[in-house]
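In case you want the letters, here they are:
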Amino acid sequence: MATPVSAEQADAAVDRPVLRVEEVTKVYGRNDAEVRALDGVNLSVQRGEFLAIVGASGSGKSTLMNVIGCLDAPSSGRYLLDGIDTALMDEHQLAQIRNRKIGFVFQNFNLIARTRAIDNVAMPLAYAGVHRAERRQRALRVLDAVGLSERATHRPTELSGGQQQRVAIARALAADPVMLLADEPTGALDTQASAEIMDLFDQLHHAGRTIVMITHELDVASRAERVVRMQDGRIISDQLKGAAA
Ligand SMILES: Nc1ncnc2c1ncn2[C@@H]1O[C@H](COP(=O)(O)OP(=O)(O)O)[C@@H](O)[C@H]1O
Ligand SMILES: [Mg+2]
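A brief structural summary. Bear in mind that the values here come from a model prediction, so they are computed numbers and not experimental data. In this convention, every chain numbers its residues from 1, walking through the sequence in written order. As they are written, the chains are lettered A onward and the ligands numbered 1 onward, keeping that order. Since the coordinates come from a predicted model, pLDDT governs what is reported: local features require at least 70, and pairs of side-chain atoms require 80 or more to be given and counted, while whole-chain, interface and lining totals use all residues. Side-chain numbers come from the whole structure's heavy atoms, not from hydrogens or water.

**Overview of the overall build of the protein chain**
So, point 1. Tallying secondary structure elements over the protein chain gives eight helices and ten strands in all.
So, point 2. Only the C-alpha atoms count toward the radius of gyration. The rule for a globule is 2.2 Å times the residue count to the power 0.38. Radius of gyration (C-alpha) of the protein chain: 18 Å, near the 18 Å computed for a compact globule of 245 residues.
So, point 3. Taking the principal axes of the C-alpha coordinates as reference, the protein chain spans close to 50 × 45 × 40 Å.
So, point 4. Type-normalised accessible area, obtained with a 1.4 Å probe on protein chains alone, sets the label of each residue: buried when under 20%, exposed when over 50%, and partly exposed for intermediate values. The proportion of buried residues among the 245 residues of the protein chain is 45%.
So, point 5. Once local pairs closer than 6 in sequence are excluded, the contacts in the protein chain between residues at least 24 apart make up 69%.
So, point 6. To be clear on the numbers: accessible area is Shrake-Rupley with a 1.4 Å probe, and residue cover counts the displayed protein chains and nothing else. Carbon and sulfur atoms form 48% of the exposed surface of the protein chain, whose accessible area is close to 12,700 Å². Where helices and strands are cited, they refer to DSSP runs of H or I of at least four residues and of E of at least two residues respectively, numbered from the N terminus. In this analysis, two residues are considered to be in contact whenever any of their non-hydrogen atoms come within 4.5 Å of each other.

Now the structure itself:
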């Protein structure tokens with residue numbers, strides 16, 4: 001439900017970070033078996049940024065992604081998504097926020113195999129309560145934006161890996177989220193298809209999309225404008241492209 005906002009509030013909405021992680025820890029297990037998967041993480045991402053999170057296996061990337069994606073709650077600290085303190089939300093509200101504000105992109109695409117590209121893309125809109133005719137229109141529009149309008153009626157099995165990932169990106173964009181959250185988006189793709197997906201991310205970034213991407217591939221990370229490096233549950237560097245170390 002849309003509540004009216006004043007001009008001041010609207011300005012604040014433009015200025016506030018898309019996400020803000022404050023002193024977040026995530027602890028698994030207890031006592032001797034305790035693992036601090038996140039150990040005092042602070043991270044702010046502004047609208048329109050294209051950020052890569054990198055680090056060795058076990059450094060905490062997936063745990064941080066789960067917090068950012070509202071799939072898991074921090075053990076301590078705060079996580080604000082588009083100004084909303086996620087600790088104040090119940091499960092149902094979190095599911096709604098996830099659906100409205102975040103477009104997820106996964107390593108293995110997670111498309112529904114026997115369902116046409118257009119219907120895969122329209123699915124989140126059905127959950128959001130958008131009517132059928134408009135779902136179709138919007139799905140076609142985002143498929144066009146990822147260069148796949150001619151494949152709208154193809155099923156995932158009839159598409160290459162790179163094309164399937166583009167369908168998944170179209171699905172992630174369908175509900176016009178505040179950010180794309182991608183976990184190893186090129187992990188299942190060959191070099192050529194990976195480069196095409198990164199070209200698409202570039203294009204979306206230049207169109208103003210906010211993109212947070214987790215990757216362990218340094219050449220993929222180098223395509224982002226900002227690279228955040230994790231080690232042992234902490235951020236050990238946070239660099240803008242072109243800036244000195
Ligand atoms: N559900 C869990 N239970 C216990 N330990 C976990 C769990 N998930 C992750 N960990 C541990 O937390 C640390 C960070 O893991 P993870 O976030 O998956 O790292 P990455 O994605 O960078 O490989 C690792 O030591 C991992 O073993
Ligand atoms: Mg991981």
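Let's pick the thread back up.
**Some details on the site of ligand 1**
So, point 1. Whether a residue is near a molecule or strand is decided by its heavy atoms; if any one of them lies within 4 Å of it, the residue is near. Neighbouring ligand 1 are the residues Tyr 28, Val 35, Ala 37, Ala 56, Ser 57, Gly 58, Ser 59, Gly 60, Lys 61, Ser 62 and Thr 63.
So, point 2. Contact distances for ligand 1 include 3.2 Å between an oxygen atom and a backbone N or O atom of Ser 59.
So, point 3. In isolation ligand 1 offers 560 Å² of accessible surface; the protein chains occlude 58% of this area.
So, point 4. Of all the secondary structure elements, the ones that give two or more residues to the shell around ligand 1 are β2 (35-45) and α2 (61-68).
So, point 5. Here the shell around ligand 1 takes three residues from α2, the largest share from any one element.
So, point 6. Grouping the constituent residues of the shell around ligand 1 by class yields four nonpolar, six polar and one charged. Here a polar contact is taken to be a pair of N or O atoms separated by no more than 3.5 Å, where protein atoms must pair a possible hydrogen donor with a possible acceptor and residues adjacent in sequence count only if both atoms sit in side chains. The nonpolar class holds Ala, Val, Leu, Ile, Met, Phe, Trp, Tyr, Cys and Pro. Asp, Glu, Lys and Arg form the charged class, and all remaining residues, Gly among them, are polar.

**Brief notes about the side chain of Arg 98**
So, point 1. Considering the arrangement of structural elements, one finds Arg 98 in helix α3 (residues 91-101).
So, point 2. We treat Lys and Arg as the positive residues and Asp and Glu as the negative residues; His and chain ends play no part in the count. Just to be clear on terms, a salt bridge is a Lys or Arg side-chain nitrogen sitting within 4 Å of an Asp or Glu carboxyl oxygen. Buried Arg 98, no salt bridge; nearest opposite-charge side chain is Glu 91, N-O distance 5.1 Å.
So, point 3. Within the local environment of Arg 98, its side chain forms a polar contact with the backbone oxygen of Cys 70, the two atoms lying 2.5 Å apart.
So, point 4. Filtering out sequence-adjacent residues up to four positions away, Arg 98 remains in contact with Gly 69, Cys 70, Leu 71 and Phe 104.

**What to know about the layout of surface pockets**
So, point 1. A pocket, in this scheme, is an open set of points on a 1 Å grid over the protein atoms alone with protein on both sides within 12 Å along at least 5 of 7 lines, while a cavity is a set where a 1.4 Å probe fits but cannot get out; residues line either one if an atom lies within 4 Å of a point. Grid points are joined across faces, edges and corners, and a volume is the space filled by probe spheres set on the points. A volume near 340 Å³ is recorded for the largest pocket.
So, point 2. Every residue lining the largest pocket is counted, 14 residues in all, and those nearest its centre are Asn 99, Ile 102, Phe 104, Pro 124 and Arg 171.
So, point 3. Mapped onto the lining of the largest pocket, the elements with two or more residues apiece are α3, β6 (102-105), α4 (117-127) and α6 (161-174).
So, point 4. Partitioned by chemical class, the residues of the lining of the largest pocket number nine nonpolar, three polar and two charged.

**Some words on α3**
So, point 1. Within α3 the residues assigned to the buried category are Leu 94, Ile 97, Arg 98 and Lys 101. Around the axis of α3, the buried residues are gathered within 100° of arc, so they sit on the same side. Directions from the helix axis toward the C-beta atoms define the arc.

**Quick look at the sheet that holds strand β7 (residues 179-183)**
So, point 1. Pairing between strands requires that DSSP locate at least two bridges from one strand to the other. A sheet is described by the order of its strands in space; here six strands give the open sequence β6-β7-β8-β3-β9-β10, paired in mixed fashion. Each edge of the open sheet carries a strand with a single partner, namely β6 and β10 (234-240). Pairs of neighbouring strands in the sheet enclose a mean axial angle of 20°, with direction left out of account.
So, point 2. Looking at chain direction, β6 and β7 are connected through four bridges and run parallel. In the sheet register, Gly 103 faces β7, and the bridge partner there is Leu 180.
So, point 3. Helix axes use the C-alpha atoms of the stretch in contact, all axes being lines fitted to C-alpha atoms, and the angles between their N-to-C directions lie in the range 0 to 180 degrees. The sheet strands contacting α3 are β6 and β7, and the helix crosses β6 at an angle near 75°.
So, point 4. Of the strands in this sheet, β6 and β7 touch α6, which is tilted by about 165° from β6.

**Notes on the pattern of salt bridges**
So, point 1. For the coordinates displayed, the defined rule picks out 17 salt bridges.
So, point 2. The salt bridge involving Asp 82 is made with Lys 101; its shortest N-O contact spans 2.7 Å. Of the two residues, Asp 82 sits in the loop between β4 (76-81) and β5 (84-85) while Lys 101 sits in helix α3, which places them 19 residues apart along the sequence. Accessibility assignment for this pair places Asp 82 and Lys 101 in one class, buried.
So, point 3. The closest approach of N and O atoms between Arg 209 and Asp 176, which form a salt bridge, is 3.1 Å. With Arg 209 in the loop between α7 (191-206) and β8 (211-214) and Asp 176 in the loop between α6 and β7, the pair connects residues that are 33 residues apart, well separated along the chain.
So, point 4. Through salt bridges with shared partners, a single network forms among Arg 16, Arg 47, Asp 82 and Lys 101.

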